[in-house]
Amino acid sequence: MSDLKRAYNFNPGPGALPLEVLQQAQAELLDFKGTGMSVMEISHRSKEFEAVIQTAEADLRELMGIPSNYKIMFLQGGATLQFTMLAMNLRPAGASADYIVNGAWSKIALKEAKKLGAARAAATTEATGFNSVPESLDLDPKAAYLHFTMNETIHGVEFFTEPTPPAGVPLVCDTSSNFISRPIDVSKYAFLYAGAQKNAGPSGVTVVIARDDMLERTPENLPVMLDYKTLAASGSLHNTPPSFAIYMVGLVFQWAKRQGGLAAIEKVNREKAELLYGAIDNSGGFYRGHAVPAARSLMNVPFRLPTEELEEAFAKEAKKNNLIGLKGHRSVGGMRASIYNAVTLEGTKALVDFMADFQKKNG
Ligand SMILES: Cc1ncc(COP(=O)(O)O)c(C=O)c1O
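Residues numbered from 1 in each chain as written. Predicted model: local features only at pLDDT ≥ 70, side-chain atom pairs only at ≥ 80, totals over all residues. Heavy atoms only, no water.

Asker: Requested: an account of the packing of helix 3 (residues 78-90) against helix 4 (residues 104-114), with residues and values cited.
Answerer: Where helix 3 meets helix 4, the closest approach of the two axes is 9 Å, and the angle between their N-to-C directions is 45 degrees. Put simply, helix 3 runs oblique to helix 4. Crossing of helix 3 over helix 4 shows right-handed handedness. In this structure, helix 3 uses F83, T84 and A87 to contact helix 4, whose residues at the interface are W105, I108, A109, E112 and A113. Here the residues of the contact of helix 3 with helix 4 sort into 6 nonpolar, 1 polar and 1 charged. (Axes fitted to C-alpha atoms, helices over the stretch in contact; angles between N-to-C directions. Helix = DSSP H or I, 4+ residues; strand = E, 2+ residues; numbered from the N terminus. Parallel < 35°, antiparallel > 145°, perpendicular 65-115°, else oblique. Left-handed = near helix turned anticlockwise from the far one by under 90°. Contact = heavy atoms within 4.5 Å. Nonpolar A, V, L, I, M, F, W, Y, C, P; charged D, E, K, R; others polar.)

Asker: Could you give me a rundown of the nonpolar core, with the residues and numbers involved?
Answerer: If you look at soluble globular proteins, the nonpolar side chains tend to sit buried side by side. Counting residues in each nonpolar core, the largest one holds 52 residues, and the members touching the most others are L60, M64, F74, F179, I180, I209 and F253. The element best represented in this core is helix 7 (residues 243-258), accounting for 10 residues. Residue contacts for F74: discarding those within four places in its chain leaves I53, A56, E57, V205, T206, V207, S236, I246, V249 and F253. In terms of nonpolar packing, the next biggest core, distinct from the first, is built from 31 residues, A273, A337, A342 and F354 among them. (Core = buried A, V, L, I, M, F, W, Y, C linked by side-chain atoms within 4.5 Å. Buried < 20%, exposed > 50% of the residue type's maximum accessible area, 1.4 Å probe, protein only.)

Asker: Give a detailed account of the pairing of strand 12 (residues 300-304), specifying residues and quantitative values.
Answerer: Burial runs high along strand 12: 4 of the 5 residues are buried. As judged from the 2 bridges shared by strand 11 (residues 288-289) and strand 12, these two strands associate in the antiparallel manner. Each bridged residue has a counterpart across the sheet, and for R288 the counterpart in strand 12 is R304. (Pairing = 2+ DSSP bridges.)

Asker: A description of unusual backbone geometry should follow, citing residues and the corresponding values.
Answerer: For residues other than glycine, phi is negative in most cases, and the peptide bonds are mostly trans. Of the consecutive residues G13 and P14, the connecting peptide bond is found in the cis state with omega at -5 degrees. For P14, the position within the fold is in the loop between strand 1 (8-9) and helix 1 (19-28). Of note, K33 is a non-glycine position whose phi angle comes to about 50 degrees, a positive value. One can find K33 in the loop between helix 1 and helix 2 (47-64).

Asker: Tell me what's going on with the site of the ligand, and back it up with residues and numbers.
Answerer: Taken together, 13 residues sit near the ligand, with T80, T153, D174, Q197 and K198 positioned nearest. At a separation of 2.9 Å, an oxygen atom of the ligand approaches a polar side-chain atom of Q197. In the environment of the ligand, an oxygen atom lies 2.7 Å from a nitrogen or oxygen atom belonging to the side chain of K198. Burial of the ligand by the protein amounts to 85% of the accessible area it has alone, namely 400 Å². Of the residues forming the shell around the ligand, the biggest block, 4 residues, is contributed by helix 3. Broken down by class, the residue content of the shell around the ligand amounts to 3 nonpolar, 8 polar and 2 charged. (Near = heavy atom within 4 Å. Polar contact = N/O pair within 3.5 Å; in protein donor to acceptor, adjacent residues only side chain to side chain. Areas by Shrake-Rupley, 256 points an atom, 1.4 Å probe, with all protein chains shown as cover.)

Asker: Break down the sheet that holds strand 11 for me, citing the residues and quoting the values.
Answerer: Ordered in space as 11-12-14, the 3 strands form an open sheet in which the pairing is antiparallel. The open sheet has two edge strands with one neighbour each: strand 11 and strand 14 (335-338). Pairing geometry for strand 12 and strand 14, over 4 bridges, is antiparallel. Each residue of the ladder has a partner; that of N300, found in strand 14, is S338. With respect to the sheet, helix 8 (residues 262-281) is in contact with strand 11, strand 12 and strand 14, its orientation differing from that of strand 12 by roughly 10 degrees.

Asker: Requested: an account of the sheet that holds strand 2 (residues 70-75), with residues and values cited.
Answerer: Taken together, 7 strands build an open sheet; the order of strands is 2-10-9-8-5-3-4 and the sheet is mixed. A single partner strand is all that each edge strand has here, and the edge strands are strand 2 and strand 4 (118-124). The average undirected angle you get between the axes of adjacent strands in this sheet is 20 degrees. When strand 2 meets strand 10 (residues 206-211), the two strands line up antiparallel, connected through 6 bridges. If you follow M73 over to strand 10, its bridge partner there is V208. Across the sheet, helix 4 lies against strand 3 (96-101), strand 4 and strand 5 (146-149), angled at about 160 degrees from strand 3, the strand it touches most.

Asker: Quick one: what's the story with the pairing of strand 10, residue by residue and with numbers?
Answerer: Of all 6 residues that make up strand 10, 5 are buried, and the element is covered over most of its length. Inspection of the sheet shows strand 9 (residues 191-195) paired to strand 10 by 5 bridges, in the antiparallel sense. Residue pairing for strand 10: Y193 is matched across the bridge by V208.

What follows is the structure, encoded as structure tokens:
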């Protein structure tokens, strides 16, 4: 492995995976647990795969401290399908749902919910370019649920305190891009979901965590692949699940436990974020961050340079230096560094050093 050249990977998702996890998958690829087959080639009903999915679930429960009255599901269709599914399952006919809109993804979540019933924005920060979390909320006390996006991947805005819904209104959360990046109090949430391909594994699986009473809301006539109640009751095995992706997220959960759990992971993530935001703040305005300091994401750090030409040059030069995935989302431009769990402190330092060097040459 000595000649292995790994990129410093700042992709927003699919994003970096821990090297140890990739090496374990590689070592087990041809003969999974003595079966003489890869995990991709065995039945999802086999005892070997049963152990994979049950261990993944148990490890996630331990990592996040998920109480026993919550079910964990491993589903397909990405977080985008959850925008639709959660509205179909959790919002009774005729009821309305509240959405906090503080970035591109929550805006899409609301748009999708509106296609199937009533939904409204309880707040929006669009007027200030989605650079913060809203200060006040206009909440409907009768809402079927209150939805928020804990980390806005494109705008780099993160909630560090959960919004408080009115009494009896369940809190529903898209945690796709800050999943298992720090401890949260799951008991404050009724429902959480995350596409795995940022912090937890490859694309192809979405992790859903649902409090038991939320599953009782599923209406009778839903197509089965959209029906949480049935999917949860089957242990995510109603049909053939994305077995390789589930295996991979299971390896990532074990890796996260070996790091010391989410508190230890948060510590490193904060160190990385401080380095990077420090580099932006100390650049005398050459680099400009997007989010207001109190809402700066620990995971996605968008920033601008003085001109678009310099941004082009930055991305090009960075790539030559093995720093990959730094172009901002096509909708907002600029740069964005995604510093997910698997991005190392060393990788972050390499980026910060490159930024200083680039400014010296072009500032
Ligand atoms: C916060 C957030 N929600 C939802 C999505 C959509 O996820 P998917 O591509 O898995 O449908 C993304 C993708 O980047 C995201 O960052």
